[in-house]
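# Structure assessment
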Amino acid sequence: MRYCSTRGLISDALSKFAVPGVVSIAKLKAGLSILELFHGETLAFKDLAMTCTVRFLEYFLRKDGSRATILVGTSGDTGGSAICSARGLAGVDVVVVFPRGRITPVQERQMTTNLEDNVHVFAADGTSDDIDVPLRRLFADQDLVKRHGLMSLNSVNMARILVQLAHFLFAYLRLSGVDKTRAGQPLPALDMVVPTGGAGNIAAGCIVKHMGVPLRFVAMVNSNDILCRAVQKGDFSMAPIVTQTLAPAIDIQDPYNMERVLWLLSGKNGPLVKQMLEEFQKSQRLPLSDTLHKELSSLMSSGSVCDKGIVEAMQRCWEENHYLVCPHTAVAVWYHYQTPPRPGENRCYVATASPAKFQAAVQEAGLSLELPEAVRALESKATRYTDLELGEDWEARLRERIEAIGSARARGSPFFST
């Protein structure tokens, strides 16, 4: 092994980030402090936890002499980050399914241009929530899981969530003013405004708060507003369709990490939360009890932003600061312009991706940017992926690929013919 300690694993995982400190904070006008989490190879915050989780996985697979097949559904950024972290690794195959036509060209090509033998990409004719259905069924097949070492790198993987605790602690130490607090004084609070889809980032922040760090959360969503309705009205129910927006990575109506948040808020009542979520999966509706709704609304506030608001936030941030934000970050920044921080209030806005991945949204805002060389290079690369058509049995198709991968690895032969 080229590393033999936790520090070595993490240093190796984060060695390709574009800034020396891995993450950075942009302090703009009127108290707009933006936590930049997008300096990894795929220009999204997923790179932070993904690279570390994959390095930990590689270490233990080598130690045990075992293999794993990683199965990932993505709404845009997770798939590219998983592939970038795992491509070419011995003992690992990564199978990624993305919603065709519902992500940006850059997000798509960050997946489909990887031609390593251990990378398997599927383009599904549906939404990211549609993709989650067959994936849940595959993970429920314990025989399949055991025979192929089947695992997830979505934020359902707790290792991803645990690594994400770090950037909340970093933000608190840098922006709360805690360094100016005298002994015996109460710790100052920090508001974290987080663009939210699957609620993995919010779940990580809630764990940090549960550890005693005085964080307050504003969970900002786009037109897919299930979390906003849950916080404001106690109405945790899915809309009939997933709305396609300028912020595609959070076009999600089933924020599965809310299971973890509800578990914490219910006093870690596992049986209760299990019953609640099973009912939600059956009926797609879950009216929260008055007690749980009160706990949730005390933990966080929430707001919903339409595409018009996203564009306006991008434009205003550029006009006032000459700072370009991606549409997901704009979902958070919109809150700043609607509810500016009061004097003495400490607040941080989470920037989840680079605007270079969302050129259509940038153009919609009447703005422009110079693309990084790595993004420009994607256009000329060959692609490889398999279609999953509407009406096909996606579960059967993915099961067939997983079995075929296992057979090829057992023979010691490559999967794809050269």
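This report concerns the structure included in the present document. (Residues numbered from 1 in each chain as written. Predicted model: local features only at pLDDT ≥ 70, side-chain atom pairs only at ≥ 80, totals over all residues. Heavy atoms only, no water.)

## A short note on the overall build of the chain
Keep this limit in mind: Each helix is a run of DSSP H or I of at least 4 residues and each strand a run of E of at least 2, with the numbering of both proceeding from the N terminus. Between the two quantities, the radius of gyration covers C-alpha atoms and the globule rule is 2.2 Å times the number of residues to the power 0.38. Burial classification: accessible surface area is computed with a 1.4 Å probe over protein chains only, and a residue below 20% of its type maximum counts as buried, one above 50% as exposed, and the rest as partly exposed. Using a 1.4 Å probe, the Shrake-Rupley method yields the accessible areas, and only the shown protein chains count as cover for residues. Charge assignment in this entry is limited to Lys and Arg as positive and Asp and Glu as negative, and neither His nor the chain termini are counted. We put the charge of a Lys on NZ, of an Arg on CZ, of an Asp on CG and of a Glu on CD.
Of the regular secondary structure elements, the chain holds 17 helices and 13 strands. Taking 22 Å as the expected radius of gyration for a compact globule of 418 residues, we find that the chain reaches 21 Å, a close match to that expectation. Along the first, second and third principal axes, the C-alpha set of the chain runs to 65 × 50 × 45 Å. Counting the 418 residues in the chain, one finds 56% classified as buried. Entry remark: accessible area of the chain is about 18,300 Å², with carbon and sulfur atoms responsible for 52%. Taking the 45 positively charged and 44 negatively charged side chains of the chain as two groups, their mean positions are separated by 6 Å.

## Some words on the pairing of strand S5 (residues 119-124)
What counts here: Strand pairing requires that DSSP identify at least two bridges connecting the strands. Orient the strands so they point away from the viewer; a crossover is then right-handed if the path from the first strand over the helix to the second runs clockwise.
With 6 of 6 residues buried, S5 lies mostly within the body of the structure. Residues Val119, Val121 and Ala123 line one face of S5 and the alternating positions His120, Phe122 and Ala124 line the opposite face, and both faces are buried. Taken together, the 6 bridges between strand S4 (residues 92-99) and S5 define a ladder with parallel strand orientation. Bridging across to S5, Val96 finds its partner in Val121. Handedness of the crossover joining S4 and S5 through helix H4 (residues 105-112): right-handed. Here S5 runs beside strand S13 (residues 386-388); their pairing, made up of 3 bridges, is parallel. Within S13, the position partnered with Phe122 by the bridge is Thr386.

## Describing helix H11 (residues 270-283)
Our working definition: Given the number of residues in a helix, its expected span is that number minus one, multiplied by 1.5 Å. Working definition: the arc comes from the directions between the helix axis and the C-beta atoms, pointing outward to the latter. Contact definition: two residues touch when any of their heavy atoms are within 4.5 Å. Here a polar contact is taken to be a pair of N or O atoms separated by no more than 3.5 Å, where protein atoms must pair a possible hydrogen donor with a possible acceptor and residues adjacent in sequence count only if both atoms sit in side chains.
In a regular helix each residue adds 1.5 Å, so 14 residues correspond to 20 Å; H11 covers 20 Å between its end C-alpha atoms and thus fits that length. Along H11, the positions that sit buried rather than exposed are Val273, Met276, Leu277 and Phe280. Along H11, the residues classed as buried sweep out an arc of 90 degrees about the axis, all on the same side. Opposite the packed face of H11, turned more than 90 degrees from it, sit the exposed residues Pro271, Lys274, Gln275 and Lys282. Packing partners of the buried residues in H11 comprise helix H9 (226-233), strand S9 (235-237), helix H10 (258-265), strand S10 (285-287) and helix H12 (290-299). The N-capping residue of H11, defined by a side-chain oxygen 3.1 Å from the backbone nitrogen of Leu272, is Asn269. Where H11 ends, the next residue or the one after it, Gln284, has phi of about 65 degrees, a positive value.

## Structural notes on the nonpolar core
Rules: For our purposes a nonpolar core is just a set of buried Ala, Val, Leu, Ile, Met, Phe, Trp, Tyr and Cys residues, chained together by side-chain atoms within 4.5 Å.
Grouped together as the largest cluster of nonpolar side chains are 52 residues, with contacts concentrated most on Met192, Leu215, Phe217, Val261, Leu288, Leu296 and Met300. In this structure, Phe217 is in contact with Phe168, Met192, Ile202, Gly205, Cys206, Lys209, Leu299, Met300 and Ser301, ignoring residues within four places of it in sequence.

## Some thoughts on the pattern of salt bridges
The cut-off we apply is this: Any carboxyl oxygen of Asp or Glu that lies within 4 Å of a side-chain nitrogen of Lys or Arg is treated as forming a salt bridge with it.
Within this structure, the stated rule accounts for 26 salt bridges. Of the charged contacts in the structure, one is a salt bridge between Asp93 and Arg409, with a shortest N-O distance of 2.7 Å. Taken together, the residues span a long stretch of sequence, with Asp93 in strand S4 and Arg409 in helix H17 (residues 394-411) at a distance of 316 residues. Arg347 serves as the salt-bridge partner of Glu345, at 3.0 Å between the closest nitrogen and oxygen. The same class applies to Glu345 as to Arg347, namely buried. Residues participating in the shared-partner salt-bridge network are Arg67, Asp93, Asp117 and Arg409.

## Some details on H4
Within H4, 6 of the 8 residues are buried, which leaves the element mostly enclosed by the surrounding structure. Taken together, the buried positions of H4 are occupied by Val106, Gln107, Arg109, Gln110, Met111 and Thr112. Contact partners of the buried residues in H4: helix H3 (77-86), S4, S5, helix H15 (359-364) and helix H16 (373-377).

## Structural notes on the packing of aromatic side chains
Here is the rule we go by: Whether two aromatic rings pair depends on their centres lying within 6.5 Å, for rings of Phe, Tyr and Trp, where Trp uses its six-membered ring; planes under 30 degrees apart make the pair stacked, over 60 edge-to-face, and the rest tilted. In this analysis the charged atom, NZ for Lys or CZ for Arg, is taken to sit over a ring once it is within 6 Å of the ring centre and within 35 degrees of the ring normal.
This model, assessed by the stated rule, comprises 4 aromatic pairs. An angle of 80 degrees between the planes, with centres 5.1 Å apart, marks the rings of Tyr59 and Phe60 as edge-to-face. The class of Tyr59 is partly exposed, set by a relative accessible area of 23%. On the basis of relative accessible area, Phe60 is assigned to the partly exposed category, the value being 47%. Seen in terms of ring centroids, Phe236 and Phe280 are 4.8 Å apart; in terms of plane orientation they differ by 35 degrees. Their pairing is tilted. Here Phe236, found in strand S9, pairs with Phe280, found in helix H11; they are 44 residues apart in sequence, far enough to count as distant. Over the ring of Phe416 we find Arg384; its NZ or CZ atom is 3.6 Å from the centre of that ring.

## Quick look at the sheet that holds strand S11 (residues 300-304)
Applicable threshold: To get an axis, a line is fitted to the C-alpha atoms, and for a helix only the part in contact is used. The angle between two axes follows their N-to-C directions and goes from 0 to 180 degrees.
Strand order in the open sheet formed by 6 strands is S1-S2-S12-S7-S8-S11, with mixed pairing between adjacent strands. Two strands lie at the open edges of the sheet, namely strand S1 (24-27) and S11, each paired on one side alone. Between one strand axis and the next, the sheet turns through 25 degrees on average, direction left out of account. Both strand S2 (residues 33-36) and strand S12 (residues 347-351) contribute to a ladder of 3 bridges, which runs parallel. For Leu35, the partnering residue across the bridge sits in S12 and is Val350. Seen against the sheet, helix H7 (residues 158-175) touches S1, S2, strand S7 (190-195), strand S8 (215-221) and S12 and runs at an angle of roughly 140 degrees to S7.

## Some remarks on the side chain of Asn118
As for its placement among the helices and strands, Asn118 is situated in the loop between H4 and S5. Take Asn118: its relative accessible area is 7%, and that puts it in the buried class. A polar contact is formed between the side chain of Asn118 and the backbone nitrogen of Gly88, at a distance of 2.9 Å. Sequence-distant contacts of Asn118, defined by excluding residues within four places in its chain, comprise Ala86, Arg87, Gly88, Leu89, Val92, Asp93, Val94 and Arg409.

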